[in-house]
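Listed here are the chains, written in short residue letters.
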Amino acid sequence: MALKTSWIISLKALRRNKLQTALTMVGMTIGVATVLTMIALGSGAQAAIQDQVKAAGMNLIVVKAGNYQLQQDRLPDDAIEPAAYYQSPGSAPRLDSGVYVPGAASLRRSFFHPEDDPFAVHDHPTSRQRLGDSEAGLGSAATLTISDADAIRQISGVQYVSEGVHENAHIGYQGQRWFTRMHGDDVSMPKIKRAWVFTHGGYFTKREEAKAEQVVVLGGIVAEKLFGKDNPVGKTVTLWNQSFKVSGVVSSSSWMVAPAAGDDEFDAIYIPVTTVQKLLNLSKLNDITVTTVSTGDVTRVTKAITDLLRSRHRIAFRTPDDFLVTSQARKALTGGGMRSDVQRAVVGNVSGLEKVTLEQLGKTLDRASATMTALLASIATVSLIVGGIGIMNIMLLSVTERTREIGIRRAVGARAQDVLLQFLLESITLSVTGGLLGVAIGYGVSLFISKILQWSTQVSPLSVALSFGVSAAVGIFFGYYPAKQASQVLPIASLKYE
Amino acid sequence: MTSKIPVISIRNLTKTYQMGEVAVHALRSVSLDINAGEFVTVVGPSGSGKSTLMHILGCLDQPSRGQYFLDGKDVSRLSDDEVSSVRNSKIGFVFQGFNLLTRTSALENVELPLLYGANPVSASERRNRAMAALAAVGLESRYEHHTNQLSGGQQQRVAIARALLNNPSILLADEPTGNLDSRTSVEVMDIFQSLKEERGITIVLITHEPDVAAYGSRIIAFKDGVITADELNGQRRTARGELAEIPEVVQETA
């Protein structure tokens, strides 16, 4: 007998007992929906962690002006944070302006800067005033320039380069003032910070940067403090008594990093680096942010940048760098910017973090989240099995209940295998229909969870295929035994059964 | 009369049931020939073995010993699948309890044998043939009704339509009028008699009522698993004639 005919018979049989069919199916639906939702949550968390790591800058290299680590020793295996270098009193670095003193470890100024003239009168706070005694520290030494950044752009494997000048600033709008962090950056910054989303407007343009126009992008917190819920795009804010046009508002796209007052990213404003340099009369940069095309390339590019800058800065052999190249991975893990529990999990799982390659780190993260997914999936599998046993229970019951029906079918010529096929198809239809409904509901619940709870979920085609396949398998597995029982009912016994 | 092969031929058929410690001898070495076109009625008290005989004739049960030739073929040697195919194509059943599928329309019930036929039948052909069979028993207007919406007589007519769908050579009826009032009983007997006359179908009818047995052309009496009498019926009742005389008790409403 054709499979299609058997299936029609099964459907008719199922239709005869609508309530029972529906209830059995609900069991399966709940099972599959649970599995799908659990896997969606698990793999969503996995993806979120990976995004997070990327957003935190697994392919990020930051070149900072100045170097407080004059000598980098090999670190012990279990070191987590490199020890800071402490100057012994006798060998304090000499800050002879612009003059290179060979032999002794020293920081040096690469060239004369107008701010360095003690007699000059400035219409803005000088770096000395702003930063006080820490001027000579990391990021404030005037060793990096825009032409350094342009040179780094030429290195192969480099994706984006952004010059950076960072200051604290008061930003004002109609009497409201807010003290925040000002970043002078390149247009490529949104591409480097992948976890950014523009709630209003957009970033400033390359043209605006080239012409050093007075445009500003507000962090979400700043926009909220100054404008409340209004759209600030196109409004004019004041900064250093100058007018700046707001071009956009930036916020976090990741639920793991919520913008908060005092953070460096969203309680901040972004201005073209050229504008900052023009207004503040600066030629130096605090840092240069570099991303590589591939995360595996970080080490090579780091080395290339070091070589390039040493030759550009004419630093002699065995003389320490006047800049510091750090890849962001370690800083991301130990220096904040990541959810503390994720960070703890990673740091706790990796010994000798300093030596861990990015690849290893990524694998550790994958393992951690794979374990979570497996846990969720195994919990959900229990509910699938419960659904399957529900189907088996109903099918066994209906074999007894429908002995007469089976007898009638056998009397009019159904073979044992026809009966087997009918009952098997019934249970498969139950489980697969229930499974399909479950996929739909699970998908809906996942969407609902990610929308309402802001948890990231991910429904992959694989997990849909898996849930569907498992439900079909459950139908066959738990349906076979009752179907076999049905097929063994004797034609004569069934007619006597009342 | 014995020049051609009988439709049913049983030789020394024995059936013994094991009921716990006791062996019940339902049939004790029964031999019987039934020719094509005969309307045989089997009478006997309950426990006489007549139902067991019918189950074996209908290939629903296997004999303990003995042989059963259906159309010259020994069906006691066939596999389960082959026996199923024999039931499907050669035998039609009518039962006392109608044995229709519940919560299923009359049409679908009648279609049932076609679903299990050796040759696939398209849905439209199934429907056409089932409708024709329903029309033959006068129920074409009620094809959509579920079995529980039909009267006993109507249900039995649906069962007859189902039994005849594959044009079987034998129609086996087990107490077909047991659950019916006297008028519908006569109606059913009328259908049987006209089937015998018009289509030449061999009918074996089992009953414990002698007046129902009187509709047959040959009456076989059973007692304690053996045949006690086997004779042609001289005073055959004709259902058609009687129908006119019985007043209609149940008014059929469409």
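Residues numbered from 1 in each chain as written. Chains lettered and ligands numbered in written order. Predicted model: local features only at pLDDT ≥ 70, side-chain atom pairs only at ≥ 80, totals over all residues.

*Asks:* Would you mind showing me how to read the overall build of chain A here?
*Replies:* Across its full length, chain A holds 16 helices and 12 strands. Here chain A holds 498 residues, and the buried ones make up 43% of them. A separation threshold of at least 6 residues defines the contact pool for chain A, and within that pool the share at least 24 residues apart is 79%. (Helix = DSSP H or I, 4+ residues; strand = E, 2+ residues; numbered from the N terminus. Buried ≥ 20, exposed ≤ 12 C-beta atoms within 10 Å, placed from the backbone. Contact = placed C-beta atoms within 7 Å.)

*Asks:* In this structure, what is going on with the interface of chain B and chain A? I would like to understand it.
*Replies:* One widely used convention gives an interface's size as the accessible area the parts lose upon coming together. Across the contact, 22 residues belong to chain B and 19 residues belong to chain A. For the side of chain B that touches chain A, the secondary structure elements donating two or more residues are helix 2 (80–90), strand 6 (91–95) and helix 3 (106–115) of chain B. Examining the composition of the side of chain B that touches chain A, we find that 6 residues originate from one element, helix 2 of chain B, more than from any other. Taken together, the residues of the side of chain B that touches chain A break down into 9 nonpolar, 6 polar and 7 charged. (Nonpolar A, V, L, I, M, F, W, Y, C, P; charged D, E, K, R; others polar.)

*Asks:* Whenever I open this one, the nonpolar core confuses me. Can you help?
*Replies:* Across soluble globular proteins, nonpolar side chains show a tendency to be buried alongside one another. In terms of nonpolar packing, the biggest core is built from 118 residues, with V110(B), A161(B), I203(B) and V204(B) touching the most fellow members. Here the element with the most residues in this core is helix 2 (residues 18–56) of chain A; it accounts for 13 residues. Apart from residues lying up to four places away in sequence, A161(B) is in contact with V110(B), A133(B), L134(B), A136(B), V137(B) and L139(B). The next biggest cluster of nonpolar side chains, apart from the first, holds 52 residues, and it includes I192(A), V222(A), I305(A) and L309(A). (Core = buried A, V, L, I, M, F, W, Y, C linked by C-beta atoms within 7 Å.)

*Asks:* Any chance you could explain unusual backbone geometry here in plain terms?
*Replies:* Outside of glycine, negative phi angles account for most residues, and trans bonds account for most peptide bonds. Positive phi, normally seen in glycine, also occurs at E175(B), with a value near 50°. Following the sequence through the fold, E175(B) ends up in the loop between strand 7 (170–174) and helix 6 (182–199).

*Asks:* What is the right way to read the pairing of strand 1 (residues 60–65) of chain A from this model?
*Replies:* Two faces, one strand: in a regular strand the side chains alternate between the faces of the sheet. Residues and elements named next belong to chain A. Counting buried residues in strand 1 gives 5 out of 6 residues, a clear majority hidden from the surface. As judged from the 5 bridges shared by strand 1 and strand 11 (residues 287–292), these two strands associate in the antiparallel manner. Residue pairing in the sheet places K64 in a bridge with D287 of strand 11. Sheet analysis places strand 1 next to strand 12 (residues 323–327), joined by 5 bridges and oriented antiparallel. Pairing of K64 across the sheet is with L324, part of strand 12. (Pairing = 2+ DSSP bridges.)

*Asks:* Sorry if this is basic, but what is going on with the sheet that holds strand 5 (residues 73–74) of chain B here?
*Replies:* Strand pairing in a sheet takes place through backbone hydrogen bonds and is either antiparallel or parallel in direction. All names here are of chain B. If you trace the 4 strands from one edge of the open sheet to the other, you get 2-1-4-5, paired in antiparallel fashion. Either end of the sheet is taken by a strand with one partner, and the two such strands are strand 2 (22–34) and strand 5. Examined bridge by bridge, strand 4 (residues 65–70) and strand 5 share 2 bridges and lie antiparallel to one another. The residue bridging F69 from the neighbouring strand is D74, located in strand 5.

*Asks:* Just to check I follow, could you spell out the pairing of strand 8 (residues 242–252) of chain A for this structure?
*Replies:* All names here are of chain A. Counting buried residues in strand 8 gives 8 out of 11 residues, a clear majority hidden from the surface. Of the strand pairs in this sheet, strand 5 (residues 196–201) and strand 8 are connected by 5 bridges, and their pairing is antiparallel. Within strand 8, the residue paired with F198 across the bridge is V250. Note that strand 6 (residues 215–219) and strand 8 share 5 bridges and pair parallel. Residue pairing in the sheet places G219 in a bridge with V250 of strand 8. When strand 7 (residues 236–239) meets strand 8, the two strands line up antiparallel, connected through 4 bridges. For L239, the partnering residue across the bridge sits in strand 8 and is Q242. Where strand 7 hands over to strand 8, the hairpin turn is made up of 2 residues, of which W240 adopts a positive phi near 50°.

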